[in-house]
Amino acid sequence: MTQEQHNIFMKRAIALSLQGMQDRDGGPFGAVIVKDGEIIAEGNNQVTSQNDPTMHAEVVAIRCACEKLGTFDLTGCVLYTNCEPCPMCVGAVYWSHLDAVYYANTKEDAATIGFDDQFIYEELALDKAQRQLPMEQLLHDEAMEAFHAWEQKEDKIAY
């Protein structure tokens, strides 16, 4: 891919960030997913308009790409986003098997306008007992039944 192509895709992500914000969909974030040199999915932040904290631009674009391609595996695809992905979106990128991520603004840039995810990175580095959000394990043995069944399932689709 040429630098000119990268710039075209990033400019589209930036345009989506502006348009979504102006349309009052949510914050100033936009993303596109490219496969074989063509945009196959787009997304903008829709957290406030959909009342869904997971509707980040990257997640919206990933969902659209998966639906369009009929798969949960986006190997061969690339994400362009106007801002470095947050911890949730980084997880979604890894789970969807995207080949690469290109971003414009940094997480530090986002923090300067009130989108600071640093506390999540810090929380994840702590032992569970030290985190601000209480997490307590319950019914481990009962829950293992489903895991054992999955382990034995012959027609499972691994991901």
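The structure contained in this document is the topic of the report that follows. Owing to the predicted nature of the structure, the values given are computational and were not obtained by experimental measurement.

## Focus on the sheet that holds strand E2 (residues 38-44)
Adjacent strands of a sheet form backbone hydrogen bonds with each other and so pair up, either parallel or antiparallel.
Part 1 of the reasoning: Pairing is mixed across the open sheet formed by 4 strands, whose spatial order is E2-E1-E3-E4. Bordering the open sheet on either side are E2 and strand E4 (100-105), each of which pairs with just one other strand. The average angle at which neighbouring strand axes cross in this sheet is 15 degrees, direction not considered.
Part 2 of the reasoning: Of the strand pairs in this sheet, strand E1 (residues 30-35) and strand E3 (residues 77-83) are connected by 5 bridges, and their pairing is antiparallel. Looking at the pairing, valine 32 lines up with tyrosine 80 of E3.

## A few points about the packing of aromatic side chains
Part 1 of the reasoning: This model, assessed by the stated rule, comprises 4 aromatic pairs.
Part 2 of the reasoning: Each ring, one from phenylalanine 29 and one from phenylalanine 115, has its centre 4.9 Å from the other, and the planes form 90 degrees; the classification is edge-to-face. In this pair, phenylalanine 29 sits in the loop between helix H1 (3-22) and E1 while phenylalanine 115 sits in the loop between helix H5 (107-112) and helix H6 (118-125), placing the two residues 86 residues apart along the sequence.
Part 3 of the reasoning: Judged by centre distance (5.0 Å) and plane angle (15 degrees), the rings of tyrosine 80 and tyrosine 102 are stacked. Residue tyrosine 80 is found in strand E3, and its partner tyrosine 102 is found in strand E4; the two are separated by 22 residues along the sequence.
Part 4 of the reasoning: Note on tyrosine 80: relative accessible area 1%, which makes it buried.
Part 5 of the reasoning: By relative accessible area, which is 36% here, tyrosine 102 ends up partly exposed.

## A short note on the side chain of asparagine 44
Part 1 of the reasoning: In this structure, asparagine 44 sits in strand E2.
Part 2 of the reasoning: Of note is the side chain of asparagine 44, whose polar atom sits 3.0 Å from the side chain of aspartate 25.
Part 3 of the reasoning: Beyond its immediate sequence surroundings of up to four residues, asparagine 44 is in contact with Leu16, Gly20, Asp25, Phe29, Gly30, Met55, Ala57 and Val60.

## With respect to the packing of helix H3 (residues 57-69) against helix H4 (residues 87-96)
Part 1 of the reasoning: Two numbers describe how H3 lies on H4: the axes approach to 9 Å, and their chain directions differ by 20 degrees. When the axis of H3 is compared with that of H4, the two are roughly parallel. Seen from above, H3 lies across H4 with left-handed handedness. Packed against H3, whose contacting residues are Glu58, Val59 and Ile62, the element H4 presents Met88, Cys89, Ala92, Val93 and Ser96 at the interface.
Part 2 of the reasoning: Residues belonging to the contact of H3 with H4 are distributed by class as follows: 6 nonpolar, 1 polar and 1 charged.

Conventions adopted
Within each chain, residue numbers correspond to sequence positions counted from 1 in written order. Residue-level local features of this predicted model are given only where pLDDT is at least 70; pairs of side-chain atoms are given and counted only at 80 or more, and the full residue set underlies all totals for whole chains, interfaces and linings. Hydrogens and water molecules were not included; the side-chain quantities draw on all heavy atoms of the structure. Strands are treated as partners if at least two bridges between them are detected by DSSP. Numbering goes from the N terminus for both helices and strands, where a helix is a DSSP run of H or I of at least four residues and a strand is a run of E of at least two. Axes here mean lines fitted to C-alpha atoms, for a helix over just the part in contact, with angles spanning 0 to 180 degrees between N-to-C directions. Each Phe, Tyr or Trp ring (for Trp, its six-membered ring) is paired with any other whose centre lies within 6.5 Å, and the angle between the two planes then decides the class: stacked below 30 degrees, edge-to-face above 60, tilted in between. Summary of the burial criterion: residues with accessible area below 20% of their type's maximum are buried, those above 50% are exposed, and those between are partly exposed, where the area comes from a 1.4 Å probe applied to protein chains only. Here a polar contact is recorded for every N or O atom pair within 3.5 Å, except that within protein the pair must consist of a potential hydrogen donor and a potential acceptor, and residues adjacent in sequence are included only if both atoms are side-chain atoms. Pairs of residues are marked as contacts when any of their non-hydrogen atoms sit within 4.5 Å. We call two directions roughly parallel when the angle between them is under 35 degrees, roughly antiparallel when it is over 145, roughly perpendicular when it lies between 65 and 115, and oblique otherwise. Crossings are classed by handedness, with left-handed meaning an anticlockwise turn of the near helix from the far one by less than a right angle and right-handed meaning a clockwise turn. Only Asp, Glu, Lys and Arg are considered charged in this grouping, and only Ala, Val, Leu, Ile, Met, Phe, Trp, Tyr, Cys and Pro are considered nonpolar; every other residue, Gly among them, is considered polar.

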